[in-house]
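The lines below spell out each chain.
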Amino acid sequence: MRTLSLWSAFLVLFSIAPWAQADQVHVAVASNFSGAMKSLVEQFEYQTEHDVVLSFGSSGKMLAQIQNGAPYDVFLSADQAKPMALEASGEALQDTRFTYAIGALALWSSDSDLIDQSPAALLSGQFNKLALANPKLAPYGYAASEVLNAMGLTESTQAHWVMGENISQTYQFVASGNADLGFVALSQIMSNGAVTNGSSWLVPKSLYHPIRQDAVLLKRGQDNLAAKDLLAFLKSPAAIETIHRFGYETE
Amino acid sequence: MFSEADLIAIGLTLRLAFTVTVILLIIGTPIAWWLARTDSWWRGPVGAVVALPLVLPPTVLGFYMLVAMGPNGYLGQLTQALGMGLLPFSFWGLVLASVVYSLPFVVQPIQNAFESLGNRPLEAAATLRCGPWETFFYVVLPLTKPGFLTAAILGFAHTVGEFGVVLMIGGNIPNETRVVSVQIYDYVEALEYGQAHILSIAMIVFSFLVLLGVYGVRRHANVSSLMKARK
């Protein structure tokens, strides 16, 4: 009796496994894109029969995990350098890399009167802390440091910096009110095409290099239909509309 | 071997751990005494609260500390009213967080030592007309010294090894909140594995020596009590 049930369990497993494999895609997603990605996956799963499994984290951590055999099929990075590195090492497939989103930087405060669409609060120096993501680790942090450099504020503000290890943590520092101001991703404070919470200044594009975020198909996903369909979907007009709604630009 | 930033991080970490250990020995001792000797109904709940940091993930502690110490939290409003400003992103914010986080590591060994002491030495001291303070310093403290040593070493080591809470309320400021564990994390995230190895190996050696010290203290305590018993 026992052997019989074991056998049937085996049979069920073997009959389901190939089908589940073909239809499932594991995606490593940079944390700044998590809100947009959840919404995109909802659309994608509705349109197709595929099943998408998402893992969020900092791009640096994702890169290290992929290099050490993490089971991801697709990688949505917060920059271009990391997908390129995977391409060069053969861990990502050639000619699959593209820019799925271009991030925008915003100066934000949870106090609805502090900023008022201008950098005046930043220039005045009248704030307790200025939160930014660690420029060494996070593309949005690097962009923030470029902005401060361009405005000549690096030295005068440095004593007030508090650095998040990624952009989500930076958001947390400002949202909890512990830092008066912070450079966050526009996507974090935008819902349905508008900034609803606190006050903000959309940093002019001339002050920092565009934050181009690239996606790439990983070696593990080379025969995965769902992975290819997902990458194609990210370039579709419907997906692009969603991506814009979350505060990103596209090419 | 170590970069200048590493040395600053090491210095800060030792300063933090030392401050926290001193504070914990001062506030942990009465708590441990009360827990060891009371018959109150509160013993269970207070003991459980003291032990909470053992089981709670650092994310829970870090998240609530960030909220509580923020401008809208009770602690934040208190520190602001006292003119101390806000605690997150500051050395003293880390001290407060670490005191909470390492509390059970200090209270429990002292409590165990007090419990195994029993009533007899205290009664003997009382018959010799010792006041409560005299009893504590001349009778209790010498007899429970191994417990205090273990508590101090564990409290110190646990603060050195703290990461999650610091990451959430620290803000990565050099010589203020960027401790060794955060420095290592930054190296790993930035893919600077060589630098990460140097600091990580130093941490492993340090932790091993600390634990060796703890077990050495215990063995020594066992041996010396055995010798006394033989005499």
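Values in this document were obtained by computation on a predicted structure and should not be read as measured data.

Rules used in this analysis
Residues numbered from 1 in each chain as written. Chains lettered and ligands numbered in written order. Predicted model: local features only at pLDDT ≥ 70, side-chain atom pairs only at ≥ 80, totals over all residues. Heavy atoms only, no water. UniProt positions renumbered as here; feature names shortened; annotations may be inferred. Helix = DSSP H or I, 4+ residues; strand = E, 2+ residues; numbered from the N terminus. Pairing = 2+ DSSP bridges. Axes fitted to C-alpha atoms, helices over the stretch in contact; angles between N-to-C directions. Expected span 1.5 Å × (residues − 1). Bend = angle between axes of the 7 residues up to and from the residue. Contact = heavy atoms within 4.5 Å. Patch = residues over 30% accessible without salt bridge, like charges linked within 9 Å, V, L, I, M, F, W, Y side chains within 5 Å. Areas by Shrake-Rupley, 256 points an atom, 1.4 Å probe, with all protein chains shown as cover. Salt bridge = Lys/Arg side-chain N within 4 Å of Asp/Glu carboxyl O. Buried < 20%, exposed > 50% of the residue type's maximum accessible area, 1.4 Å probe, protein only.

To continue, consider the UniProt feature "domain: ABC transmembrane type-1" (unreviewed entry) in chain B. Within this structure's numbering, the places UniProt gives as "domain: ABC transmembrane type-1" (unreviewed entry) are residues 10–214 of chain B. The distance from the first to the last C-alpha atom of residues 10–214 of chain B is 22 Å, and the span holds 80% helix and 0% strand.

Residue and element names in this part refer to chain A. Judged by pairing direction, the sheet is mixed, and its five strands sit side by side in the order E2-E1-E3-E12-E4 without closing on themselves. The sheet is open, and its two borders are formed by strand E2 (51–57) and strand E4 (98–103), each paired with just one other strand. The average undirected angle you get between the axes of adjacent strands in this sheet is 20 degrees. Sheet analysis places E4 next to strand E12 (residues 211–217), joined by five bridges and oriented antiparallel. Pairing of glycine 103 across the sheet is with isoleucine 211, part of E12.

Another aspect to go through is helix H2 (residues 43–55) of chain B. Residues and elements named next belong to chain B. Taking 1.5 Å of rise per residue, the 13 residues of H2 would be expected to cover 18 Å, and the 19 Å separating its terminal C-alpha atoms lies within 8% of that figure. Approximately 30 degrees is the largest bend angle found in H2, and it occurs at valine 49, with the proline proline 53 only one to four residues beyond. Against the buried residues of H2 lie helix H1 (4–37), helix H3 (58–69) and helix H5 (91–117).

This brings us to the environment of isoleucine 173 of chain B. Tracing the backbone through its elements, the reader meets isoleucine 173 of chain B in the loop between helix H9 (164–170) and helix H10 (180–189). For the pair isoleucine 173 of chain B and phenylalanine 89 of chain B, spaced 84 residues apart in the sequence, the C-alpha separation amounts to 7.3 Å. Here isoleucine 173 of chain B is in contact with Trp161 and Val162 of chain A together with Phe89 and Arg178 of chain B, once residues within four sequence places are set aside.

Right, let's talk about a nonpolar patch on the surface for a bit. All names here are of chain B. Residues Leu75, Leu78, Leu82, Met84 and Leu96 make up a contiguous nonpolar surface patch of about 450 Å² in total accessible area. Looking at the secondary structure, you find leucine 75 in helix H4 (residues 74–81). Residue classification places leucine 75 among the partly exposed positions, given a relative accessible area of 32%.

What follows concerns the sheet that holds strand E8 (residues 181–185) of chain A. Strand pairing in a sheet takes place through backbone hydrogen bonds and is either antiparallel or parallel in direction. Residue and element names in this part refer to chain A. Strand order in this open sheet of five strands is E7-E6-E8-E5-E11, and the pairing throughout is mixed. The sheet is open, and its two edges are formed by strand E7 (161–164) and strand E11 (199–202), each paired on a single side. Averaged over all pairs of adjacent strands, the angle between their axes in this sheet comes to 30 degrees, without regard to strand direction. Bridge count for strand E5 (residues 105–109) against E8 is four bridges, and the pairing is antiparallel. From the neighbouring strand, tryptophan 108 faces E8, where its bridge partner is glycine 182. Where helix H8 (residues 167–175) meets the sheet, its contacts fall on E5, strand E6 (130–133), E7 and E8, and the angle it forms with E8 comes to roughly 145 degrees.

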